[in-house]
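Listed below are the residues making up each chain.
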Amino acid sequence: MLDSQSIHLKALDSADLKRLQIVLDVICREAGKAVRSPEMQEVAALLIRLYRHGLTDEVKLLSVGRLASAKRGLSRTAAITAGRRSKRPVGHHNLTRSSS
């Protein structure tokens, strides 16, 4: 049985998928990532979910996709640099570290 939220989900046709592909291609090009990379597959899934829920404006989708891509890139960079940080002296403070 479908829940009340999924009843309203928009089915995607080939025109919808083409619009989403154009948005994803721009994000991939800007991020320097392949469409089939895990990061971009996650962004693609997010774009599809948003589109199915009614967010169909390409400019807004592009903005959200860029933010998601940047967040993925930052979290990977943070994970890499965190490993390097562990070798720093105990008293060393990183001023660029976020408070979240």
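Residues numbered from 1 in each chain as written. Predicted model: local features only at pLDDT ≥ 70, side-chain atom pairs only at ≥ 80, totals over all residues. Heavy atoms only, no water.

1. Let's talk about the overall build of the chain
So, point 1. Secondary structure summary: the chain contains 4 helices and 0 strands in total.
So, point 2. When the helices and strands of the chain are placed in sequence order, the string is α-α-α-α.
So, point 3. Taken over 100 residues, the chain has a buried fraction of 19%.
So, point 4. Taking the intrachain contacts of the chain between residues at least 6 apart in sequence as the baseline, contacts between residues at least 24 apart amount to 52%.
So, point 5. As displayed, the chain offers around 7600 Å² of accessible surface, 59% of which is attributable to carbon and sulfur atoms. (Helix = DSSP H or I, 4+ residues; strand = E, 2+ residues; numbered from the N terminus. Buried < 20%, exposed > 50% of the residue type's maximum accessible area, 1.4 Å probe, protein only. Contact = heavy atoms within 4.5 Å. Areas by Shrake-Rupley, 256 points an atom, 1.4 Å probe, with all protein chains shown as cover.)

2. Concerning the pattern of salt bridges
So, point 1. Taken as a whole and judged by the stated rule, the model has 2 salt bridges.
So, point 2. As a salt-bridge pair, Arg19 and Glu58 come within 2.6 Å of each other at their nearest N and O atoms. Of the two residues, Arg19 is situated in helix 2 (residues 14–31) and Glu58 in helix 4 (residues 58–85); the sequence distance between them amounts to 39 residues.
So, point 3. According to the relative accessible area criterion, Glu58 is partly exposed, its value standing at 34%.
So, point 4. A salt bridge links Glu30 to Arg66; the shortest N-O distance between them is 2.7 Å. One end of the pair, Glu30, is in helix 2; the other, Arg66, is in helix 4, with 36 residues separating them in the sequence.
So, point 5. The class of Glu30 is partly exposed, set by a relative accessible area of 49%. (Salt bridge = Lys/Arg side-chain N within 4 Å of Asp/Glu carboxyl O.)

3. Points about the environment of Ile48
So, point 1. Tracing the chain through its elements places Ile48 in helix 3 (residues 38–52).
So, point 2. Residue Ile48 is classed as partly exposed on the basis of its relative accessible area, which comes to 34%.
So, point 3. In this view, Ile48 contacts Leu12 and Leu20; residues no more than four positions away in its chain are not counted.

4. Some details on the confidence of the model for the chain
So, point 1. Of the residues in the chain, 65% reach a pLDDT of 70 or more, and the chain-wide mean stands at 78.
So, point 2. Scored below 50 in pLDDT, residues 85–100 shows 3 contacts in the model against residues more than four places distant or in partner chains. (pLDDT = per-residue confidence, 0-100.)

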